Amino acid sequence: MFHLFNIIGLMTFAFSGAVKGIQKNMDVFGITVLGLLTALGGGAVRDILVNKSPEMLRDFSYAGFALLGLVLAMLTRKSYKEFVHNWVFLLSDALGLAMFTVSGCLAARQNNLGVIGFIILGLSTAVGGGILRDVMAGEVPLVLVHEFYASCALAGSLLFWLLLNLKMSLFAISGISMLTVFVLRVAAIKYDWRLPKFS
Amino acid sequence: MFHLFNIIGLMTFAFSGAVKGIQKNMDVFGITVLGLLTALGGGAVRDILVNKSPEMLRDFSYAGFALLGLVLAMLTRKSYKEFVHNWVFLLSDALGLAMFTVSGCLAARQNNLGVIGFIILGLSTAVGGGILRDVMAGEVPLVLVHEFYASCALAGSLLFWLLLNLKMSLFAISGISMLTVFVLRVAAIKYDWRLPKFS
Amino acid sequence: MFHLFNIIGLMTFAFSGAVKGIQKNMDVFGITVLGLLTALGGGAVRDILVNKSPEMLRDFSYAGFALLGLVLAMLTRKSYKEFVHNWVFLLSDALGLAMFTVSGCLAARQNNLGVIGFIILGLSTAVGGGILRDVMAGEVPLVLVHEFYASCALAGSLLFWLLLNLKMSLFAISGISMLTVFVLRVAAIKYDWRLPKFS
């Protein structure tokens, strides 16, 4: 189950990176790098922050599933406009966000971190790849400007930490946190939630 | 004393990140991330370069004081124009720069590095956060383009290494280096020092 | 021999960073930082990925030869237009690319990584510095947009891994891989190879 969500997350994140690369008129190589960076970047940042060599260097399934997402993006490139705003894509992306948030929190727990550590690792795993994607494409990261997106990962990380202190089982905590991130994100899309700005 | 300067540095750096986020029309979340990244980024780069997990993941006071700076930035946002060019802000920022330079040099000393290590760690701790702030905001880092700013950190790092080789006490070295960075920076603002360009 | 190529690589990469800084109207300090980052950035990324403190912090020859490249860039700045498109520069750059690719692969071997690890380390060592250079200069990384450049590093990394599995001597493997990257890059320039784009 976990593994399945991880695969979905890798594929949709790679897909979104490839779409950005195609929009930016990059060549096949640039598109591939941008897709891989989006899919694998968050996890690499997480591992570096807890002083580990990134898992994706050793475990081939990461790069493999990301490549699948890439190929899918290239094959369906004629139908982006519809596809990117398609519920299938948005739901997969929300699943990926939920999965990566929990994966960051699990790393925080393994390293006996406190609430700040959970928030920083949950967030950077969940949105790190997307931030790298946008910076490499010469844009201000989307998550900083106008989407109720990273906030879902923040809420999920906080919840994970709270439940952990209530001594619930790790399996239950992970499930509840993932579901919360997922539902929040879907609700944010459906009802067009926005965070306040100053002007 | 040291601790006080560190707090001042964290707060002013978070403040400057939040100001940038508000200028860029980011939402509350984006402003918060940009402020935290500016305040905590330099120290994180320093720790990663010496192969440690960043301290800010474990020590809550880092994120706490950075958040204080952020809140201050949001509360005083009506009066930026005056405030950012205000001596209170500029002096605090110079103190932060001095403090972070010395903190990078202390890490270089702990790892028995040579003069290049002192310069790289002093500089990256002092200006790393500001560079991350500007890159995330889609701008060429300010310190690379037109301010006699990073040069103060460079001078301070060199001085720290020199004094260390004169076998002075670590307390005296840190104090002298900090004071030098601070005075250089204040003089650079007062007399509008610039480094030469080619054209 | 190896050492000589490494020196050539450091100098040309620093040179290319300094040229970009001068083009962007940076001051002397900004030009220096950009040059050093371009020359040392790829190796730093490589070391961080395999969980080591970057070598350039300890081994002064890295920064030293990079500074030489910088000084050369500043001295010859009147004659860029000719110089950058000069065969001397392009051949040195191709040598640097070849050298850094192999250096990434050697790190992958030391850490017993698989083919994905060889590709990621070979690529990030070879093009990491250039990507940092372009991102800091506020541009979309050149290697992602339109040059048959990183593809040479990718091909070299794959070849290195293949030959390693054929149990050839490390010396022969390194030489053949370097030569391949070099020849591919020179051919790409000479015949103006491009990767396909979607439009």
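All residue numbers here refer to positions counted from 1 along the written sequence of the relevant chain. Each chain takes a letter, starting from A, and each ligand takes a number, starting from 1, following the order in which they are written. pLDDT decides what is reported in this predicted model: residues at 70 or higher carry local features, side-chain atom pairs at 80 or more are listed and counted, and totals for whole chains, interfaces and linings draw on all residues regardless. Side-chain metrics rest on all non-hydrogen atoms present in the structure, leaving aside hydrogens and water.

Caption draft 1: Here's a closer look at the overall build of chain A. A helix here means a DSSP run of H or I that spans at least four residues, while a strand means a run of E at least two residues long, and both kinds are numbered starting from the N terminus. Of the regular secondary structure elements, chain A holds nine helices and zero strands. Tracing chain A from N to C terminus, the helices and strands come up as α-α-α-α-α-α-α-α-α. For 199 residues, the compact-globule formula gives about 16 Å, and the C-alpha radius of gyration of chain A, at 16 Å, lands near that figure. Each principal axis of the C-alpha distribution contributes one length, and for chain A these read about 50 × 45 × 35 Å. Per-residue accessibility, obtained with a 1.4 Å probe over protein chains only, is compared with the maximum for each type, and a residue is labelled buried under 20%, exposed over 50%, and partly exposed between these values. Counting over 199 residues, chain A shows a buried share of 57%. We take the radius of gyration over the C-alpha atoms and set the globule estimate at 2.2 Å times the residue count to the 0.38 power.

Caption draft 2: Inspection of the packing of aromatic side chains at higher detail. Stacked, tilted and edge-to-face are the three classes assigned to paired rings of Phe, Tyr and Trp, where Trp is represented by its six-membered ring and a pair needs centres within 6.5 Å; plane angles under 30 degrees give stacked, over 60 edge-to-face, the rest tilted. For the coordinates displayed, the defined rule picks out six aromatic pairs over all chains. Relative to A:Phe160, the ring of A:Phe118 has its centre 5.9 Å away and its plane inclined at 35°; by these criteria the two rings are tilted. Note that A:Phe118 is positioned in helix 6 (residues 115–136) and A:Phe160 in helix 8 (residues 150–165), a separation of 42 residues in sequence. The exposure class of A:Phe160 is buried, given its relative accessible area of 0%. Residues C:Phe13 and C:Phe100 carry aromatic rings whose centres are separated by 5.0 Å and whose planes lie at 90° to one another, so their mutual orientation is edge-to-face. On the criterion of sequence distance, the pair formed by C:Phe13 in helix 1 (residues 2–23) and C:Phe100 in helix 5 (residues 87–110) is long-range, its members being 87 residues apart. By relative accessible area, which is 4% here, C:Phe13 ends up buried. Accessibility expressed as a relative area gives 8% for C:Phe100, which makes it buried.

Caption draft 3: Spotlight on the relation of the copies chain C and chain B. For the least-squares superposition of copies, only C-alpha atoms count, and only for residues with pLDDT at least 70 in both. It takes a turn of 120° to lay chain C on chain B, together with a shift of 0.0 Å along the axis; the resulting RMSD is 0.0 Å. This pairing of chains is accounted for by a three-fold axis. Throughout, a residue-residue contact means that at least one pair of heavy atoms, one from each residue, lies within 4.5 Å. Comparing interface residues between copies, only 12% of those in chain C also lie at the interface in chain B; the contact surfaces differ.

Caption draft 4: Up close: the side chain of C:Asp47. Residues and elements named next belong to chain C. By the secondary structure assignment, aspartate 47 is in helix 2 (residues 28–49). Under the rule applied, a polar contact is a pair of N or O atoms within 3.5 Å (in protein, one hydrogen donor and one hydrogen acceptor; residues adjacent in sequence only if both atoms are side-chain atoms). Separated by 3.0 Å, the side chains of aspartate 47 and arginine 46 make a polar contact. Among all residues touching aspartate 47, those that are not within four sequence positions of it are Lys52, Ser53, Pro54 and Glu55.

Caption draft 5: Broad picture of helix 5 of chain C. Residue and element names in this part refer to chain C. What a helix should span is 1.5 Å times the count of its residues minus one. The end-to-end C-alpha distance of helix 5, which contains 24 residues, comes to 35 Å, matching closely the 34 Å that a straight helix rising 1.5 Å per residue would cover. Within helix 5, 18 of the 24 residues are buried, which leaves the element mostly enclosed by the surrounding structure. Downstream of helix 5 by one or two residues, asparagine 112 has phi in the positive range, about 50°.

Caption draft 6: View of the packing of helix 2 (residues 28–49) of chain A against helix 6 of chain A. Residue and element names in this part refer to chain A. Axis definition: a line fitted to C-alpha atoms, over the contacting stretch in the case of helices. Angles run 0 to 180 degrees between N-to-C directions. Close contact between helix 2 and helix 6 brings their axes to 7 Å; oriented N to C, the two are set at 145°. The crossing of helix 2 and helix 6 is right-handed. Mapping the contact onto sequence places Leu34, Leu37, Thr38, Gly41, Gly42, Gly43, Val45, Arg46 and Leu49 in helix 2 and Ile120, Leu121, Ser124, Thr125, Gly128, Gly129, Gly130, Leu132, Arg133 and Met136 in helix 6. By definition, turning the near helix anticlockwise from the far helix through less than a right angle yields a left-handed crossing, and turning it clockwise yields a right-handed one.

Caption draft 7: Main features of the pattern of salt bridges. Residue and element names in this part refer to chain A. A carboxyl oxygen of Asp or Glu within 4 Å of a side-chain nitrogen of Lys or Arg is what we treat as a salt bridge. Across all of its chains, the model carries 18 salt bridges over all chains by this definition. Note that lysine 20 and aspartate 134 form a salt bridge whose closest N and O atoms lie 3.7 Å from each other. You can see lysine 20 sitting in helix 1 (residues 2–23) and its partner aspartate 134 sitting in helix 6, a full 114 residues away along the chain. Just as lysine 20 is buried, aspartate 134 falls in that class too.

Caption draft 8: Up close: the side chain of A:Thr125. All names here are of chain A. Along the polypeptide, threonine 125 turns up in helix 6. A polar contact of 2.6 Å, which involves the side chain of threonine 125, links it to the backbone oxygen of leucine 121. With near-sequence residues (within four places) excluded, threonine 125 lies in contact with Gly42, Gly43, Arg46, Phe100, Ser103 and Gly104.

Caption draft 9: The arrangement of the interface of chain A and chain C in detail. Between chain A and chain C, the contact holds 26 residues from the first and 29 residues from the second. In short, buried area is how much 1.4 Å probe accessible area vanishes from two parts on joining, totalled over both. Summed over both sides, the interface between chain A and chain C buries roughly 2400 Å², with carbon and sulfur atoms accounting for 72% of that surface. When the area that chain A buries against chain C is broken down by residue, the three leading residues are A:Asp27, A:Phe29 and A:Leu57, summing to 29%. At the boundary of chain A and chain C, one finds zero salt bridges. Summed over the shared surface of chain A and chain C, the number is three residue pairs in polar contact (both at pLDDT 80 or more). Of all the secondary-structure elements, those providing two or more residues to the side of chain A that touches chain C are helix 2, helix 3 (60–75) and helix 6 of chain A. Ranked by residues supplied to the side of chain A that touches chain C, first place goes to helix 2 of chain A with seven residues. Each residue is assigned to one class: nonpolar for Ala, Val, Leu, Ile, Met, Phe, Trp, Tyr, Cys and Pro, charged for Asp, Glu, Lys and Arg, and polar for all the others, Gly among them. Broken down by class, the residue content of the side of chain A that touches chain C amounts to 17 nonpolar, five polar and four charged.

Caption draft 10: Local environment of the environment of B:Met74. Inspection of the secondary structure puts B:Met74 in helix 3 (residues 60–75). For B:Met74 and B:Val19, which are 55 residues apart along the polypeptide, the C-alpha to C-alpha distance reads 8.1 Å.

Caption draft 11: Main features of the confidence of the model for chain A. Residue and element names in this part refer to chain A. Along the chain, pLDDT gives the predictor's confidence residue by residue, from 0 to 100. The share of residues in chain A with pLDDT of 70 or more is 93%, and the mean pLDDT across the chain is 86. Predicted confidence in chain A is weakest over helix 4 (residues 80–84), with a mean pLDDT of 60, and strongest over helix 8, with 94. Reported confidence for the predicted complex is 0.81 by ipTM and 0.86 by pTM.

Caption draft 12: Examining the interface of chain C and chain B more closely. In this complex, chain C contributes 26 residues to the contact, which on the side of chain B involves 29 residues. Summed over both sides, the interface between chain C and chain B buries roughly 2400 Å², with carbon and sulfur atoms accounting for 72% of that surface. Here chain C is connected to chain B by zero salt bridges. Between chain C and chain B we count three residue pairs in polar contact (both at pLDDT 80 or more) in total. Counting only elements with at least two residues in the side of chain C that touches chain B, the list comes to helix 2, helix 3 (60–75) and helix 6 (115–136) of chain C.

Caption draft 13: Spotlight on unusual backbone geometry. For B:Asn51, which is not glycine, the phi torsion reads 60° and is therefore positive. Residue position: B:Asn51 is located in the loop between helix 2 (28–49) and helix 3. Its identity as a non-glycine residue notwithstanding, C:Lys167 has a phi of 65°, on the positive side. Mapped onto the elements of the fold, C:Lys167 is located in the loop between helix 8 (150–165) and helix 9 (170–190).

Caption draft 14: Structural detail: a nonpolar patch on the surface. Within the patch definition used here, like charges are joined within 9 Å and nonpolar side chains (Val, Leu, Ile, Met, Phe, Trp, Tyr) within 5 Å, considering only residues with over 30% relative accessible area and no salt bridge. Using a 1.4 Å probe, the Shrake-Rupley method yields the accessible areas, and only the shown protein chains count as cover for residues. Judged by side-chain polarity, A:Leu166, A:Met168 and A:Ile176 come together as a nonpolar surface patch covering roughly 260 Å² of accessible area. Secondary-structure assignment places A:Leu166 in the loop between helix 8 and helix 9 (170–190).

Caption draft 15: Region of the structure containing the packing of helix 8 (residues 150–165) of chain B against helix 9 (residues 170–190) of chain B. All names here are of chain B. Here helix 8 crosses helix 9 at 155°, and the two axes come no closer than 9 Å. Classified by the interaxial angle, the pair formed by helix 8 and helix 9 is roughly antiparallel. Here the hand of the crossing between helix 8 and helix 9 comes out right-handed. Here helix 8 contributes Cys152, Ala153, Ala155, Gly156, Leu159, Phe160, Leu163 and Leu164 to the contact with helix 9, which in turn contributes Leu170, Ile173, Ser174, Ile176, Ser177, Thr180, Val181, Leu184 and Arg185. Its residues assigned to classes, the contact of helix 8 with helix 9 comprises 12 nonpolar, four polar and one charged. Angle categories are assigned with fixed cut-offs, so that under 35 degrees is roughly parallel, over 145 is roughly antiparallel, 65 to 115 is roughly perpendicular, and the rest are oblique.

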